[in-house]
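Examination of the molecular architecture
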Amino acid sequence: MYRLPRRMLDETFATLRCCGAGERECKLYWLSSWRDLDQLVEVAHPEHDSSRYGLTIHDKWITKFWNELVDREMGVRVQVHTHPGAAFHSPTDDAFPLIHDAGFLSLVIPDFAQGEVSFGGAYLTEIQRDGRWQQVPIEAKFSVHE
Amino acid sequence: MADRQQEFGDDSDERGRSDDEHGGGRDKPFEIEVVYNGIAKPLEVTKDEVIGSVLQKALAAFGNLPQPHTLALYDSDGNELKNEQQTVHEAKIKKGDRLLLRPSTVKAG
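Everything quoted here is computed from the prediction, not taken from an experiment.

1. Some thoughts on the sheet that holds strand β1 (residues 30-36) of chain B
- As summarised here, the arrangement of the four strands in space is β2-β1-β4-β3 (chain B), forming an open sheet in which the pairing is mixed. The open sheet has two edge strands, β2 (39-45) and β3 (71-75) of chain B, and neither has a second partner. If you compare each strand with its neighbour and ignore which way they point, the axes differ by 35 degrees on average.
- Bridge count for β1 of chain B against strand β4 (residues 98-103) of chain B is three bridges, and the pairing is parallel. Bridge pairing in β4 of chain B links Val-34 of chain B to Leu-99 of chain B.
- Each of β1, β2, β3 and β4 of chain B is contacted by helix α2 (residues 59-72) of chain A, which is oriented at about 120 degrees to β4 of chain B, the strand it contacts most.

2. Details of the interface of chain A and chain B
- Contacts between the two partners involve 34 residues from chain A, matched on the other side by 21 residues from chain B.
- Looking at the side of chain A that touches chain B, the element that brings in the most residues is α2 of chain A, giving eight residues.
- Residue composition of the side of chain A that touches chain B, by class: 16 nonpolar, 10 polar and eight charged.
- As paired strands, strand β5 (residues 54-57) of chain A and strand β5 (residues 107-108) of chain B are joined by two bridges and run antiparallel to one another. Bridge assignment links Thr-56 of chain A to a residue of β5 of chain B, and that residue is Lys-107 of chain B.

3. Here we look at helix α1 (residues 6-20) of chain A
All names here are of chain A.
- The end-to-end C-alpha separation of α1 is 21 Å, in line with the 21 Å expected for 15 residues at 1.5 Å each.
- Residues of α1 that are buried include every one of Thr-12, Leu-16 and Gly-20, and no others. Axial view of α1: buried residues confined to an arc of 25 degrees, hence all on one face. Opposite its buried face, α1 presents the exposed residues Arg-6, Arg-7, Asp-10 and Cys-18, each directed more than 90 degrees away.
- Elements in contact with the buried residues of α1: β2 (27-33), β3 (40-44), β6 (74-82) and β7 (105-109).

4. Considering the environment of Gly-20 of chain A
All names here are of chain A.
- Mapped onto the elements, Gly-20 comes out in helix α1.
- Residue Gly-20 is classed as buried on the basis of its C-beta count, with 22 C-beta atoms lying within 10 Å.
- Taking the C-alpha atoms as reference points, Gly-20 and Lys-60, separated by 40 residues in sequence, lie 21 Å from one another.
- Once residues lying within four places of it in the same chain are set aside, the contact partners of Gly-20 are Glu-25, Cys-26, Thr-82, Phe-112 and Ala-113.

5. A closer look at the pairing of β3 of chain A
Residues and elements named next belong to chain A.
- Here β2 pairs with β3 via four bridges, running antiparallel. The residue of β3 that forms the bridge with Leu-31 is Glu-42.
- The loop that links β2 with its antiparallel partner β3 comprises six residues.

6. Re the pairing of strand β4 (residues 48-51) of chain A
- The sheet contact formed by β4 of chain A and β5 of chain A spans four bridges and is antiparallel. By the bridge assignment for β5 of chain A, Ser-50 of chain A is matched with Leu-55 of chain A.

Cut-off values and rules
Residues numbered from 1 in each chain as written. Chains lettered and ligands numbered in written order. Predicted model: local features only at pLDDT ≥ 70, side-chain atom pairs only at ≥ 80, totals over all residues. Pairing = 2+ DSSP bridges. Helix = DSSP H or I, 4+ residues; strand = E, 2+ residues; numbered from the N terminus. Axes fitted to C-alpha atoms, helices over the stretch in contact; angles between N-to-C directions. Contact = placed C-beta atoms within 7 Å. Nonpolar A, V, L, I, M, F, W, Y, C, P; charged D, E, K, R; others polar. Expected span 1.5 Å × (residues − 1). Buried ≥ 20, exposed ≤ 12 C-beta atoms within 10 Å, placed from the backbone. Arc of directions from axis to C-beta.

Next up, the structure:
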């Protein structure tokens, strides 16, 4: 189970709301060190183009980020993005994640993250060993702490 | 000369000697690193090896990731090594170089 500092949850909602402005999807990543994998420590907000119904991460940002991760011994554990309405995983979400490892998590926040800062209405899914995504209970994967 | 040898790995052609004269020459492996999600792994390649082969070895080094068709190799400046028939030499990959194993496209919808 990942330990998620409340400040990261607050930062996540603040970023999703500010970037998406209630009109566009937004995406970010939760990182941890490879030396303490379960302790999430940082939110990364990628450069991206976005609309009400989708987004694309900038190629140059991925390159820069990939180099930084290895230099800082950090890894991406979770992707988080918003939907305009209900939270679910679309075929595009399934097909084009940043990370392809079994165990990688994808959290979808409904209503452009305009609701309260919580996992209410959110959808969490995980890459299985065969590469397929499968919904998993949020409370089984994250422990929020101060 | 020593710098050039270092730059291109052990390359007997660069020094005007045949491959046989230099105990394997062009086919002598040299090490690069491949990175994926913050982990760097060493990979031995040869100058005549094609990029497709390097990609397969990189995928294997990271445990045969699911959906491998979505991943590609890039140089550390972000140029995708698109031509899988191109050799390591043609792609200007040198000893100690870092390659990025990463998805070509990242989207949500």
